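If you want the building blocks of each chain, they are given just below.
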Amino acid sequence: MLTKAPRGTKDITPKDSYKWTYLENKFREICDLFGYEEMRTPIFEHTELFKRSVGDTTDIVQKEMYSFQDKGERDITLKPEGTAGAVRAFIENKLYADAQPTKLFYITPCFRYERPQAGRQRQFHQFGIEAIGSDNPSIDAEVIALAVQFFTELGLKDLAVSINSVGCPVCRETYNKKLREYLDQKSSVLCDTCNERKEKNPMRVIDCKNPTCQTNLQDVPFMIDHICDDCKTHFAKLKEYLVEMDINFVVDKTIVRGLDYYKKTAFEIISNDIGAQSTVCGGGRYDGLIEQIGGPKGTSGIGFALGVERLLLTLENNDIQIENPHSTDIFIVTIGDAAKTKSFKLLKELRGNHISADNDHLDRSVKAQFKYSDKINAKFTIVIGDDELENDSATLKNMKTSEQKVVKLSELVKELKNVL
Ligand code: HAM
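Being a predicted model, the structure only gives us computed values, none of them experimental.

*Asks:* What should I look at first to understand the UniProt feature "binding site: L-histidine" (unreviewed entry) in the protein chain in this one?
*Replies:* The sites that carry the UniProt feature "binding site: L-histidine" (unreviewed entry) are, in the present numbering, E81, G82, T83, R112, Q126, E130, R257, Y261 and Y262. In this view, T83 contacts Y106, E130, Y261, Y286 and L289; residues no more than four positions away in its chain are not counted. Counting through the fold element by element, Y261 comes out in the loop between β8 (249–251) and β9 (263–270). On the accessibility criterion, Y261 (3% relative accessible area) is buried. Of the polar contacts made by the side chain of Y261, one reaches the side chain of E81; its length is 2.5 Å.

*Asks:* Help me out: how do you make sense of the domain arrangement of the protein chain in this one?
*Replies:* A common way to report how large an interface is uses the accessible area buried once the components associate. Taken domain by domain, the protein chain holds domain 1 (14–168 + 227–317) and domain 2 (330–419). A separation of 49 Å is found between the C-alpha centroids of domain 1 and domain 2.

*Asks:* Even after reading the chapter, I still don't get the packing of aromatic side chains, so can you show me in this structure?
*Replies:* Geometry of an aromatic ring pair is reported as the spacing of the ring centres plus the angle between the planes. Within this structure, the stated rule accounts for 11 aromatic pairs. With a centroid separation of 5.8 Å and an interplanar angle of 90 degrees, the aromatic rings of F27 and F105 are classed as edge-to-face. Here F27, found in helix α1 (residues 14–33), pairs with F105, found in strand β5 (residues 102–111); they are 78 residues apart in sequence, far enough to count as distant. Between the aromatic rings of Y261 and Y262, the centroid separation amounts to 4.8 Å while the plane-to-plane angle is 65 degrees, which identifies the pairing as edge-to-face. Lying across the ring of Y113, R122 places its NZ or CZ 3.9 Å from the centre. The ring of Y372 carries the charged tip of R364 above its face, separated from the ring centre by 4.1 Å.

*Asks:* Before we go on, may I ask you to explain the pairing of strand β10 (residues 279–285) in this structure?
*Replies:* Consecutive side chains of a regular strand alternate in pointing toward one face of the sheet and then the other. The element β10 is extensively covered by neighbouring structure, given that six of its seven residues are classed as buried. For β9 and β10, the ladder comprises six bridges, and the chain directions are antiparallel. Counterpart to E268 in the pairing with β10 is G282. Pairing of β10 with strand β11 (residues 301–307) involves five bridges; the strand directions are antiparallel.

Calculation criteria
- Residues numbered from 1 in each chain as written.
- Predicted model: local features only at pLDDT ≥ 70, side-chain atom pairs only at ≥ 80, totals over all residues.
- Heavy atoms only, no water.
- UniProt positions renumbered as here; feature names shortened; annotations may be inferred.
- Contact = heavy atoms within 4.5 Å.
- Helix = DSSP H or I, 4+ residues; strand = E, 2+ residues; numbered from the N terminus.
- Buried < 20%, exposed > 50% of the residue type's maximum accessible area, 1.4 Å probe, protein only.
- Polar contact = N/O pair within 3.5 Å; in protein donor to acceptor, adjacent residues only side chain to side chain.
- Domains from an automatic or database assignment.
- Phe/Tyr/Trp six-rings, centres within 6.5 Å; stacked < 30°, edge-to-face > 60°.
- Lys NZ or Arg CZ within 6 Å of the ring centre and 35° of its normal.
- Pairing = 2+ DSSP bridges.

Written out as structure tokens, the structure reads:
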């Protein structure tokens, strides 16, 4: 128990952490190209924030949140997603007073009490963006384009971008009525969850994974076939902009998303090679959310989040390797105490000049030090004993070519700068 991480969590050891650093740097780089700046929000928020934004009837709020009372008896929840916190921070810090839209990105751990499997964890990580303050479909296109450029630059070329419109409060109400009527007729063949959802949030029924429900819902009416003119124009413009950017997409009527705040555009980017958990990236527009949690009236927003664990699985399944950038430029083999002490001066000088350098910390024999130097892939090795110290010179060995050269210790930095 003491040496086992909690179920659904994973350590990211140095064998993998360089991949995370690479992905984070790449995401930052792409966000910068599109003018998105970083927002960092707390790991926990008031539980009420998620209930109000993600939605009371969602699986996340009903079953999956890590909620607790702190010692001051406040109801607290570890964030199950990044949007609610970002939007809360946008309001609290009055970012709406700056030039709009506000374009934010975040990199954050998230927590959902789900049944762990490949690509599904209880602590997972999201890269996300939120563009707040524009209801124009051009920003929808920009948000999707950012995700696509990120995936493309990682080498993932065949991901499917699926888009849908989940309507607005005007057309949703009429649609919900129609959908409820349809579902009422099917009530006896639908699961309990669907029958419950039918009353509170009928569109979520479309997302049911129960095979019996799926069979019985084959002629279910879809939102996109009942959207109002405003939603239609919005969706048409979005498609026009995507075509202009040569972004391949399909319209998938079944996308309803598992969070309640979506209006108009909803989209997902799917990778078909990681089994059931194939949605790597999901997002959409959430007009109305900001007002709903106390922000300025009429403030629109759109964004997405992608799961880093699922992204890594997708890269692996597509044979896309990320190189480990770590390297040791030089390993200093020391013979005896005096040489070891002296090696510190040399190490300080080398590292001070941004040449990565290492020495032995386990009192190894010379042979074992060479072996270790091989293991850590040091590019060069130098042996220092009493003689070398006395003569201020030593043999520098290129570990790849086995070439050797006598160099003055006082000129080691200069010599290495020439060859590295
Ligand atoms: P979401 O679809 O719930 O959307 O999550 C986004 C992504 O997070 C998923 O596509 C998936 O890759 C990853 N993810 C979700 N749950 C897990 C899990 N248990 N284990 C591993 N990965 C997971 C949102 O969270 C919205 N806040 C996205 C958004 C931003 N919409 C607008 N702005």
